[in-house]
Amino acid sequence: MTSPQTTTDTTAGGFKSGFACFIGRPNVGKSTLMNALVGTKVAITSSRPQTTRRAIRGIVHRPDAQLIVVDTPGLHKPRTLLGERLDSLVRSTLTEVDVIGFCVPADEKVGPGDRFIARELANVRGTPVVAIVTKTDLADRGQVAEQLLRVERLGDFTDIVPVSAARGFQVDLLADLLISHLPEGMALYPEGDLTDEPEHVLVAELIREAALEGVRDELPHSIAVVVDEMSPREGRDDLVDVYAHLFVERPSQKAIVIGRKGSRLREVGTAARKQIEALLGVRIYLDLRISVAKDWQRDPKQLRRLGFDA
Ligand SMILES: Nc1nc2c(ncn2[C@@H]2O[C@H](COP(=O)(O)OP(=O)(O)OP(=O)(O)O)[C@@H](O)[C@H]2O)c(=O)[nH]1
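Residues numbered from 1 in each chain as written. Predicted model: local features only at pLDDT ≥ 70, side-chain atom pairs only at ≥ 80, totals over all residues. Heavy atoms only, no water.

Undergrad: What is the right way to read the side chain of Gln147 from this model?
TA: You can see Gln147 is positioned in helix H4 (residues 141-152). A distance of 2.8 Å separates a polar side-chain atom of Gln147 from the backbone oxygen of Pro105. Discounting chain neighbours no more than four positions away, the residues touching Gln147 are Val104, Pro105, Ala106, Glu108, Val110 and Val133. (Helix = DSSP H or I, 4+ residues; strand = E, 2+ residues; numbered from the N terminus. Polar contact = N/O pair within 3.5 Å; in protein donor to acceptor, adjacent residues only side chain to side chain. Contact = heavy atoms within 4.5 Å.)

Rendered as structure tokens:
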């Protein structure tokens, strides 16, 4: 994926490059913040917790720096095998980055989940942690000020910043702060690249987002998507064929996703196709199939097949 960028001299002295990740309870706005920093929709967002299952990287390009943001899933107590894998993924991510952004939303009480993460962060030695009070547009100034004080007491942070990804409030300032903690170094990715995640993974995530729309209460975490094939239509350079499989855990869930006479699955297909077209900038023919992969979240073989290999 690329976007138009201004020319950058990445060989000049003083250029900085490195990795940041956001950590926080599910649903605190980590993916939205990464998208706001990168300036495009890279990670999928949803109003339900635990949407993010992969460490998708967004790349922020500045004339004097390149910041690669790793999107981590929300930390939670593992209930399924998938949950355990998420948490080990989060922990290994924390030790590999140059700076950590700890997100706590402005509009919710600081709770046991935030304290649990703050304790985990205290064990990650040597990596600076910037505390971020997210979603400030959902709280008044007094509440934001109080939240900043509460968050300050949670741990040893190099900075505490209030931001609103929805309004773009202080997003640039946050980027500057994160970049200030990066080491000097060459650009790690070609100019203009916004993510190094393979296209088929981004496409699968967009389909999953569309499939979750409207049924999150019924099947919050039971849908997985695999893109089987993605190739330009023969003789056409403006059309790409995408063959994808939606997996659910039980036949009853399959019926929900398909809907009356297939109406829901058709809507999912249309919504996903539009998102993929917007992402890739070409016309898409989307062939969407649905299968039951019984209890895939608890089965190591199925997890591997669905791309959740730890
Ligand atoms: N009003 C407002 N809503 C926000 C803001 N940032 C995120 N949200 C909303 O909060 C919800 C969760 O956002 P996500 O970015 O998916 O949260 P997340 O922390 O990545 O969630 P997980 O993937 O579950 O860990 C979505 O409905 C977002 O639209 C913000 O700055 N203001």
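Moving on from the model shown.
Undergrad: Looking at this structure, I do not really get the environment of Val38. What am I missing?
TA: Within the fold, Val38 resides in helix H1 (residues 30-38). For Val38, a relative accessible area of 12% translates into the label buried. (Buried < 20%, exposed > 50% of the residue type's maximum accessible area, 1.4 Å probe, protein only.)

Undergrad: How should I be thinking about the nonpolar core in this particular structure?
TA: Core analysis: the biggest nonpolar cluster contains 28 residues, and Ile207, Ile223, Leu246 and Val257 have the highest contact counts within it. When contributions to this core are tallied by element, the ones reaching two or more residues are helix H6 (199-212), strand E7 (224-232), strand E8 (239-248), helix H8 (263-280) and strand E9 (283-292). The element contributing the most residues to this core is H6, with eight residues. Leu33, Ile132, Ala175 and Leu178 belong to the second largest nonpolar core, which has 24 residues in total. (Core = buried A, V, L, I, M, F, W, Y, C linked by side-chain atoms within 4.5 Å.)

Undergrad: What am I meant to see in the sheet that holds E8 here?
TA: The three strands lie next to each other as E7-E8-E9, forming an open sheet whose pairing is mixed. This sheet does not close on itself; its edge strands, each paired only once, are E7 and E9. Between one strand axis and the next, the sheet turns through 15 degrees on average, direction left out of account. Pairing between E7 and E8: eight bridges, direction antiparallel. Looking at the pairing, Val225 lines up with Leu246 of E8. H6 rests against E7, E8 and E9 of the sheet, and its axis sits at about 130 degrees to E7. Against the sheet, helix H7 (residues 251-258) touches E8 and E9, its axis set at about 150 degrees to E9. (Pairing = 2+ DSSP bridges. Axes fitted to C-alpha atoms, helices over the stretch in contact; angles between N-to-C directions.)

Undergrad: In this structure, what is going on with the pairing of strand E4 (residues 99-105)? I would like to understand it.
TA: Regular strands show a simple pattern: their side chains alternate between the two faces of the sheet. Most of E4 sits out of view: seven of its seven residues are buried. Of the two faces of E4, the one holding Val99, Gly101, Cys103 and Pro105 and the one holding Ile100, Phe102 and Val104 are both buried throughout. Sheet topology note: the strand E1 (residues 16-23)/E4 ladder contains four bridges and is parallel. If you follow Phe22 over to E4, its bridge partner there is Gly101. Alignment of E4 against strand E5 (residues 129-134), held across six bridges, turns out to be parallel.

Undergrad: When you look at the packing of H6 against H8 in this model, what are you seeing that I'm missing?
TA: How two helices sit against one another is set out by the angle between their axes and by the gap between those axes. It is the contact of H6 with H8, at a shortest axis distance of 8 Å, that shows an interaxial angle of 140 degrees. By the criterion of interaxial angle, the relationship of H6 to H8 is oblique. Judged by the twist between their axes, the crossing of H6 over H8 is right-handed. Contact with H6, carried on its side by Glu199, Leu202, Val203, Leu206, Ile207, Ala210 and Ala211, involves Arg264, Val268, Ala271, Ala272, Gln275, Ile276, Leu279 and Leu280 of H8 and no other residues of that element. A per-class count over the contact of H6 with H8 returns twelve nonpolar, one polar and two charged. (Parallel < 35°, antiparallel > 145°, perpendicular 65-115°, else oblique. Left-handed = near helix turned anticlockwise from the far one by under 90°. Nonpolar A, V, L, I, M, F, W, Y, C, P; charged D, E, K, R; others polar.)

Undergrad: Whenever I open this one, the pattern of salt bridges confuses me. Can you help?
TA: When charged atoms on two side chains of opposite charge get close, those side chains can pair. Scanning the model with the defined rule gives ten salt bridges in all. Residue Asp238 pairs with Arg236 through a salt bridge whose shortest N-O separation is 3.0 Å. For Asp238, a relative accessible area of 35% translates into the label partly exposed. Here Asp287 makes a salt bridge to Arg289, at a shortest N to O gap of 3.1 Å. (Salt bridge = Lys/Arg side-chain N within 4 Å of Asp/Glu carboxyl O.)

Undergrad: What's the story with helix H3 (residues 112-122) in this structure? I'm lost.
TA: The periodicity of an α-helix, 3.6 residues per turn, causes residues three or four places apart in sequence to face the same way. Burial in H3 covers these residues: Asp114, Ile117, Ala118, Glu120 and Leu121. Looking down the long axis of H3, one finds its buried residues gathered within 160 degrees of arc, a one-sided arrangement. In H3, the exposed positions that point more than 90 degrees away from the buried face belong to Pro112, Arg119 and Ala122. (Arc of directions from axis to C-beta.)

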